[in-house]
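# Structural characterization, general
So the chains spell out like this:
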Amino acid sequence: MEELGSILHFLDNSSILVTGATGFLAKIFIEKILRVQPNVKKLFLLLRAEDANSAILRFDTEIMAKELFKVLKHKCGENLSCFISEKVRVVAGDITYHNLGVNDSDLLDEMLTQVNVVVNLAATTNFDDRYDVSLGINTFGATHVLNFSKKCEKLKVLLHVSTAFVSGAQEGLMLESPYKMGDTLNGTSGLDMEAEKRLVEDTLKHLKAQNSNSEPTIESSMKQLGIQRARKYGWPNTYVFTKAMGEMLLEELKENIPLVIIRPTMVTSTYKEPFPGWVEGIRTIDSLAVGYGKGRITCFLGDPKTIVDVIPADMVVNAMIVAMVAHANEPNPNENIYHVGTSVSNPLEFTYIQDYGLRYFTQHPWVGKDGKPVIVGKVTVLSTMESFQRYMMIRYFLPLKGLKLLNMICCQYFGRIYQEQSRKIKFVMRLIDLYAPYLFFKAFYDDMNTDKLRRAAEESGVEMFNFDPKTIEWEDYFMNTHLPGIVKRVFKK
């Protein structure tokens, strides 16, 4: 690892390509760079769009219009438009294609001759997305980004954002080590990315021949295929499986490119910057908070002592920036992998999150559509799948069947109540299905590399790029930052 020196000096006059620019972490990264280093030369922001005008529209509505940029807007004042037009180049493209789908030859030349840093944040993070989509973006999309990076004449570093959960549902200490081609989590041999690609192509051809006009059938089949292939090799879902394969390909094909892989755990709302509590969309653990606060969850399955590894988004972005500077222009690139999480340095038990939720929503109840506050209580947590199924059958499924029968007898008089109860049950069962492998999670993410990076940053006096999880006081963060943040920005959606 090189001496860090001045991070701001490194960013000065740098040209950075960011893929997946409308994503949650990408927006925070873009805002941070523009706010702390206005002398950055250019941010090339790759957005999926049909043409330049569509890309610019997406940039305006999905990036700059966000509350996240209010601090930057205040800082720039009337000069904002001029500043953005000078520093940002919006690029219509798609990482699933050669040259990232950039069709404008002049723009392509400009990027290949100017870009110093490539930050790959493009991903589909749905646990059960279509296999063809996930494979195209998370796995082979990563290789397209790598191949593009190799052609950048002034490239200093490629930073790829993966996920710590490429480790699947394994137990114990997960090391910051690479996955090699063909590695699997259960020892099953025969994992071959090209074979997976051919399987997808053949399956799609067969489905289209059988159901030429049935897109829902094709989508459902491709989702099922992804889960099947993931579990065949030991991964719990399509997302982490395809991200793991993406890492394998990068490690195999990187050659002499300085490559950094960042593996965040569950990413939550901002801790400090640009202001506390900014979040977008329902992210992982927030599904539980939303369901609980709105009165949809009264019981759940899991181990109260499970360590829930969450990390604020701005800390992830700070780690990304420090890591890309630390490994720029490495003459003999090594495997630079960083877990950005809290399970080792500042562990948080699930039972504490439950307590924070109960206290917060008791003090600040959500007001339902009927204008009445939603009264929350202590959630019944069941420690085995058998006890959960038994509880659900006695407490919900049998009464629901009775209510359905009563509703039919009474000419749909209880229709609204039946629909409401049915929706609550479906909500809980979907969460259980999606998160089942993580409900009794017994993994801890070693962050030795990340800790070394933190110490190097501290020695260099880099205070504006804090990513030390030991500085988080969990009760204060959840009660005064995170839960108010998701109520304000997620609940109303």
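Position labels on residues start from 1 in each chain and follow its written sequence. Residues qualify for local features only when their pLDDT is at least 70, as the model is predicted, and side-chain atom pairs are given and counted only at 80 or more; totals for whole chains, interfaces and linings, by contrast, use all residues. Only hydrogens and water are set aside when side-chain values are computed; all heavy atoms of the structure are taken into account.

## Notes on the overall build of the protein chain
A helix here means a DSSP run of H or I that spans at least four residues, while a strand means a run of E at least two residues long, and both kinds are numbered starting from the N terminus. Helix and strand content of the protein chain: 17 helices and 13 strands. Here's how the labels work: a residue is buried when its accessible area is under 20% of the maximum for its type, exposed when over 50%, partly exposed in between, all with a 1.4 Å probe on protein chains only. The proportion of buried residues among the 493 residues of the protein chain is 55%. By the convention used here, residues are in contact when the closest approach between their heavy atoms is within 4.5 Å. Considering only contacts in the protein chain between residues 6 or more positions apart, those separated by 24 or more positions represent 83%. With an accessible surface of roughly 22200 Å², the protein chain has 51% of that area assigned to carbon and sulfur atoms. Values of accessible area rely on a 1.4 Å probe in the Shrake-Rupley scheme; residue burial ignores everything except the protein chains shown.

## Concerning the sheet that holds strand 11 (residues 336-340)
Pairing is parallel in the open sheet, where seven strands are placed in the order 3-2-1-4-5-7-11. Among the strands making up the open sheet, the edge pair consists of strand 3 (88-93) and strand 11. Each strand axis lies, on average, 20° off the axis of its neighbour in the sheet, ignoring direction. Most of the contacts of helix 5 (residues 80-87) go to strand 3, to which it runs at about 55°, and overall it touches strand 2 (42-48) and strand 3. Strand pairing requires that DSSP identify at least two bridges connecting the strands. Axis lines are fitted to C-alpha atoms, over the contacting stretch for helices. Their N-to-C directions set the angle, which ranges from 0 to 180 degrees.

## Observations regarding the side chain of R35
Structurally, R35 is set in helix 2 (residues 24-36). Within polar-contact distance, the side chain of R35 engages the side chain of E31 at 2.7 Å. Apart from residues no more than four positions distant in its own chain, R35 is found in contact with V71, L72, K75, E273 and P274. Identification of polar contacts relies on pairs of N or O atoms within 3.5 Å, with a donor-acceptor requirement for protein atoms, meaning one able to donate a hydrogen and the other able to accept it, and with residues adjacent in sequence counted only if both atoms are side-chain atoms.

## Some remarks on the nonpolar core
Nonpolar cores were defined as sets of buried Ala, Val, Leu, Ile, Met, Phe, Trp, Tyr and Cys residues, with membership established by side-chain atoms within 4.5 Å. Counting 138 residues, the largest nonpolar core has I16, F29, W235, M320 and M324 as the members making the most contacts within it. The element best represented in this core is helix 12 (residues 313-326), accounting for 12 residues. Ignoring any residue separated from it by four or fewer positions in sequence, one finds M324 in contact with F10, L11, I16, F29, V117, V119, V157 and L159. By size, the runner-up hydrophobic cluster in this structure holds 27 residues, among which are L17, L46, V91 and M111.

## As for a nonpolar patch on the surface
To count toward a patch, a residue needs a relative accessible area above 30% and no salt bridge. Like charges then connect within 9 Å, nonpolar side chains (Val, Leu, Ile, Met, Phe, Trp, Tyr) within 5 Å. We count a salt bridge whenever a side-chain nitrogen from Lys or Arg sits within 4 Å of a carboxyl oxygen from Asp or Glu. A cluster of nonpolar side chains, namely L173, L175, V344 and F444, defines an oily patch on the protein surface of about 340 Å² accessible area. With respect to the element layout, L173 can be found in strand 6 (residues 172-174).

## Focus on the pairing of strand 2
For a regular strand, side-chain orientation follows a simple rule: the groups alternate between the two sheet faces. Of all the seven residues making up strand 2, six are buried; the element is thus mostly covered by neighbouring parts of the structure. Where strand 1 (residues 15-19) lies against strand 2, five bridges are found, and the strand directions are parallel. Its bridge partner being in strand 2, T19 is matched across the sheet by L46. When the strands point away from the viewer and the path from the first strand over the helix to the second turns clockwise, the crossover is right-handed. For the segment spanning strand 1, helix 2 and strand 2, crossover handedness is right-handed. For strand 2 and strand 3, the ladder comprises six bridges, and the chain directions are parallel. Each bridged residue has a counterpart across the sheet, and for R48 the counterpart in strand 3 is G93.

## Considerations on the packing of aromatic side chains
Centre distance and the angle of the planes are the two values used to describe a pair of aromatic rings. Aromatic pairing here means that ring centres of Phe, Tyr or Trp (its six-membered ring) are within 6.5 Å. Orientation follows from the plane angle: under 30 degrees is stacked, over 60 is edge-to-face, and everything else is tilted. According to the stated counting rule, one finds 18 aromatic pairs in the structure shown. Ring geometry for F165 and F441: centres 5.8 Å apart, planes at 55°, overall tilted. Of this pair, F165 sits in the loop between strand 5 (157-161) and strand 6 while F441 sits in the loop between helix 15 (415-435) and strand 13 (443-445); the two residues are 276 residues apart in sequence, bridging distant segments of the chain. The pair F165 / F441 is uniform in exposure class, with both members buried. Between Y233 and F241, the ring centres sit 6.2 Å apart and the planes meet at 20°, which makes this aromatic pair stacked.

## Some words on unusual backbone geometry
Cis rather than trans, the peptide bond between E273 and P274 has omega equal to -5°. As for its position among the elements, P274 is in the loop between strand 8 (266-268) and helix 11 (286-293). Although it is not a glycine, N99 adopts a positive phi angle of roughly 55°. Along the chain, the position of N99 falls in the loop between strand 3 and helix 6 (105-114). Relative accessible area serves as the criterion here: at 15%, N99 is assigned to the buried category. A positive phi angle, close to 55°, is found at E255, a residue other than glycine. Its place among the elements puts E255 in the loop between helix 10 (238-253) and strand 7 (259-264).

## Comments concerning a negative patch on the surface
Among the surface-exposed residues, D104, D106, D109 and E153 lie close enough to one another that they form a single negatively charged patch. Relative to the helices and strands, D104 resides in the loop between strand 3 and helix 6. Positive residues here are Lys and Arg, negative ones are Asp and Glu, while His and the chain termini are left out of the count. Charged groups are reduced to one reference atom each: NZ for lysine, CZ for arginine, CG for aspartic acid, CD for glutamic acid.

## Looking at the pairing of strand 7
Along strand 7, six of the six residues are buried, which leaves the element largely enclosed by surrounding structure. Residues of strand 7 alternate between two faces, with L259, I261 and R263 on one and V260, I262 and P264 on the opposite face, all of them buried. In this structure, strand 5 lies alongside strand 7, joined through four bridges in parallel fashion. Among the inter-strand pairings, H160 is bridged to a residue of strand 7, identified as I261.

## A closer look at helix 11
With eight of its eight residues buried, helix 11 lies for the most part within the structure. Among all positions of helix 11, only D286, S287, L288, A289, V290, G291, Y292 and G293 are buried.

## Remarks on the pattern of salt bridges
Opposite charge on two side chains permits them to pair, given that their charged atoms come into close proximity. Taken as a whole and assessed by the stated rule, the structure comprises 28 salt bridges. A salt bridge links R454 to D451; its shortest N-O distance comes to 3.3 Å. Here R454 pairs with D451, and both are found in helix 16 (residues 448-459), just three residues apart, close to one helical turn. When its relative accessible area of 5% is taken as the criterion, R454 is described as buried. Through salt bridges with shared partners, one network takes in D447, D451, R454, R455, D468 and K470.

## Observations concerning the environment of E280
When you line up the elements, E280 lands in the loop between strand 8 and helix 11. On the basis of relative accessible area, E280 is assigned to the buried category, the value being 18%. Placed 210 residues apart in sequence, E280 and V490 show a C-alpha to C-alpha distance of 6.8 Å. Those residues in contact with E280, other than ones at most four positions away along the chain, are T22, F24, K27 and K66. At a separation of 3.0 Å, a polar atom in the side chain of E280 contacts the side chain of K27. A polar atom in the side chain of E280 sits 3.3 Å from the side chain of K66.

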